[in-house]
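Listed here are the chains, written in short residue letters.
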Amino acid sequence: MDASSGGGGNSLPTTGADGSKRRVCYFYDAEVGNYYYGQGHPMKPHRIRMTHALLGRYGLLDQMQVLRPHPARDRDLCRFHADDYVAFLRSVTPETQQEQIRALKRFNVGEDCPVFDGLYSFCQTYAGGSVGGAVKLNHGHDIAINWAGGLHHAKKCEASGFCYVNDIVLAILELLKYHQRVLYVDIDIHHGDGVEEAFYTTDRVMTVSFHKFGDYFPGTGDIRDVGHAKGKYYSLNVPLDDGIDDESYQSLFKPIMGKVMEVFNPGAVVLQCGADSLSGDRLGCFNLSIKGHAECVRFMRSFNVPLLLLGGGGYTIRNVARCWCYETGVALGHELTDKMPPNEYYEYFGPDYTLHVAPSNMENKNTRNQLDDIRSKLLDNLSKLRHAPSVQFQERPPEAELPEQDEDKENPDERRDTNSDVEMNDAKPLEDSGRRASIQSVRMKKESAETEAIDQDLNNVAAEHSKGTGPVADGVGSSKQTPPNDASPMAIDEPSALKVEQDNSNKLQDQQAMHQKP
């Protein structure tokens, strides 16, 4: 049904596997559309504003709790990122960047990850939305959405692939305070390398990435990369070729994810919904329809496990807005009408002015035999896991509780909990204003493989490691035979920084020369 036709609430059919209500919250900052990577750059935060406009016209904003994220603070970002890297992001500006040439090279900031006005505020905003969504899930919401998040390439000490801060890792760390196990699923066309690296040696987090593999950025995500030490077989990579369509994609996604949910039994799921896997994306080469892409959201939602939905890639921005609007409807249990209602960006969606677009007739290079072989190998890997690893009780970091709404406050933007690690407010977003549009290709710079020294005083999780020999975050990978009571909040150590074995790190530099992002 059309969400705007009434009903109210998040009511779903009362029968069937998906017949239960969902409490959905949605994070949006009206300023996010003002950030601009620069002329010719394919990453356009303006797509978030376009998505938000569609959500309003379809009546979906009235069906959710709409929240403005509180900007993540330095200490929030340093739970994963190195403090000197965070300090650099905070201080660098377009006017001063020429004075920091060495730092720009060291932190891989330049062409594909440029310095632009408001860079650090942008990072704080999208990271704040993702961590805030995790907090909401920890405190009773069923689904949280942050379409500005999902920047999965960022590393502990460097930017990569348009990503500066890895909001996904930060959100997962927040979820680990309450959940024994967290599942990360990535349907962006690019491999979710930054998140995989962060949790490569732990059995507390399973990462599953469906991506284009071959001569393609970032060049990682081989099916043979399965994790290390306690994390062995807790990293799953699904390497795909050009032109994969809905049927082929779901022939892998559903059996693999169904088995993952059975074996891993996560307490929460983070789904990165990168829209560059859609047909017709400017940097992509897949052939998924919006419905096919959204079927992944529908399937993961059906397990009734707390679900965090994040954005990611997506460079044909009219289709990105279509996709994330439709997937918001899926999260709410509403089927949206194909005929698009008039909206502020109506001209973007011509000449058909519909929500859905037809896939192309491009060749599907993924043969049935190849798909069968991939599915068989990954299911075999999953069969080697013991069911639902457990963790011991340990001292838990301070809870990042959300402040209760105070209706007597004249300025809701000033609400804060002084004991909270993550702050936000419940203010409705401001009205949309202004837009920037520039759709051109850009030459992508090869990702630096340079590994930086780890600050031993940083008692937060880090993910800089060498695949196959990489270290694990202390307190994240430990397993015991007796699990704690699931009804109690999970207690874990504040993860400490990882040590990098220099020899293996040098080897990694030689092996992981990054391919250009097309």
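Positions within a chain are numbered from 1, following the residues in the order the chain's sequence is written. Note on the predicted model: pLDDT of at least 70 is required for a residue's local features to be given, and 80 or more for side-chain atom pairs to be given and counted; whole-chain, interface and lining totals, by contrast, use all residues. Excluding hydrogens and water, the side-chain figures rest on all heavy atoms present in the structure.

1. Considerations on the UniProt feature "binding site: substrate" (unreviewed entry) in the protein
- UniProt positions are given in the numbering used here, feature names are shortened, and annotations may be inferred rather than shown by experiment. Listed under "binding site: substrate" (unreviewed entry) in the UniProt record, and renumbered for this structure, are D112, G161 and Y315. Of the residues just listed, which span 204 residues, no C-alpha pair is farther apart than 13.7 Å, and they cluster in one region. When only the residues just named are considered, the second largest cavity is lined by G161 and Y315.
- Note on placement: G161 falls in the loop between β3 (143-146) and α6 (167-175). A 1.4 Å probe that fits into a set of points on a 1 Å grid over the protein atoms alone but cannot get out defines a cavity; an open set with protein on both sides within 12 Å along at least five of seven lines defines a pocket, and lining residues are those with an atom within 4 Å of a point. Here a helix means four or more residues in a row that DSSP labels H or I, a strand means two or more in a row labelled E, and each is numbered from the N terminus.

2. Examining the UniProt feature "binding site: a divalent metal cation" (unreviewed entry) in the protein
- Summarizing the sequence annotation, UniProt attributes the feature "binding site: a divalent metal cation" (unreviewed entry) to D188, H190 and D276 in the numbering used throughout. Look at the named residues: they lie 89 residues apart in sequence, but the longest C-alpha span between them is just 8.2 Å, so in the fold they bunch up. Cross-referencing the annotated residues with the lining of the second largest cavity gives D188, H190 and D276.
- Note that D276 resides in the loop between β7 (268-272) and α9 (290-301).
- Only protein chains enter the area calculation, which uses a 1.4 Å probe; residues under 20% of their type maximum are buried, those over 50% are exposed, and those in between are partly exposed. Here D276 falls in the buried class, since its relative accessible area comes to 0%.
- Once residues lying within four places of it in the same chain are set aside, the contact partners of D276 are D188, I189, H190, D281, G284, G313, G314 and Y315.
- Here H190 takes part through its side chain, which lies 3.0 Å from a polar atom of the side chain of D276. We call two residues in contact when some of their heavy atoms are within 4.5 Å. In the analysis that follows, any N or O atom pair within 3.5 Å is treated as a polar contact, provided that within protein one partner can donate a hydrogen and the other can accept it, and provided that, for residues neighboring in sequence, both atoms belong to side chains.

3. A short note on the side chain of S277
- Looking at the element boundaries, S277 is found in the loop between β7 and α9.
- Assessed through its relative accessible area of 0%, S277 is described here as buried.
- Within polar-contact distance, the side chain of S277 engages the side chain of H293 at 3.3 Å.
- The residues touching S277, leaving out its near neighbours within four places in the chain, are I187, D188, I189, F286, N287, L288 and H293.

4. Description of the environment of N319
- Mapped onto the elements, N319 comes out in helix α10 (residues 317-332).
- Residue N319 is classed as buried on the basis of its relative accessible area, which comes to 8%.
- Those residues in contact with N319 that sit more than four places away from it in its chain are L278, S279, I290 and V357.
- Among the polar contacts listed, one links the side chain of N319 to the side chain of R322, at a separation of 2.9 Å.

5. As for the sheet that holds strand β6 (residues 235-240)
- Strand order in the open sheet formed by eight strands is β2-β1-β3-β8-β7-β4-β5-β6, with parallel pairing between adjacent strands. Edge positions in the sheet fall to β2 (65-67) and β6, since each has one partner strand and no second. Sheet twist, expressed as the mean angle between neighbouring strand axes with direction ignored, is 15°.
- If DSSP finds at least two bridges between two strands, the strands pair. Relative to β7, strand β4 (residues 182-186) runs parallel, the two sharing five bridges. Paired with D186 across the strands is Q272, a residue of β7.
- The sheet strands contacting helix α5 (residues 119-138) are β1 (24-27), β2, β3 and β8 (307-310), and the helix crosses β3 at an angle near 180°. Angles here are taken between N-to-C directions and fall from 0 to 180 degrees, while the axes themselves are lines fitted to C-alpha atoms, restricted in helices to the stretch in contact.

6. A closer look at helix α8 (residues 246-264)
- By definition here, a helix of n residues has an expected span of 1.5 Å times n minus one. In a regular helix each residue adds 1.5 Å, so 19 residues correspond to 27 Å; α8 covers 26 Å between its end C-alpha atoms and thus fits that length.
- On its buried side, α8 packs onto β4, β5 (205-212), β6, β7, α9 and α11 (368-383).
- One or two steps after α8, the chain reaches N265, where phi turns positive at roughly 50°.

7. Here we look at the packing of α8 against α9
- It is the contact of α8 with α9, at a shortest axis distance of 10 Å, that shows an interaxial angle of 15°. Considering their axes alone, α8 and α9 lie roughly parallel with respect to each other. By crossing handedness, the relation of α8 to α9 is classed as right-handed. Two secondary-structure elements touch here, α8 through D246, Y249, Q250, F253, K254, M257, G258 and M261 and α9 through G292, E295, C296, F299 and M300.
- Polarity classes work like this: nonpolar for Ala, Val, Leu, Ile, Met, Phe, Trp, Tyr, Cys and Pro, charged for Asp, Glu, Lys and Arg, and polar for all others, with Gly in that last group. When grouped by side-chain class, the residues that make up the contact of α8 with α9 number seven nonpolar, three polar and three charged. Just so you know how the angles are binned, under 35 degrees is roughly parallel, over 145 roughly antiparallel, 65 to 115 roughly perpendicular, and the rest oblique. The hand of a helix crossing depends on one turn: near helix anticlockwise from the far one by less than a right angle means left-handed, and clockwise means right-handed.

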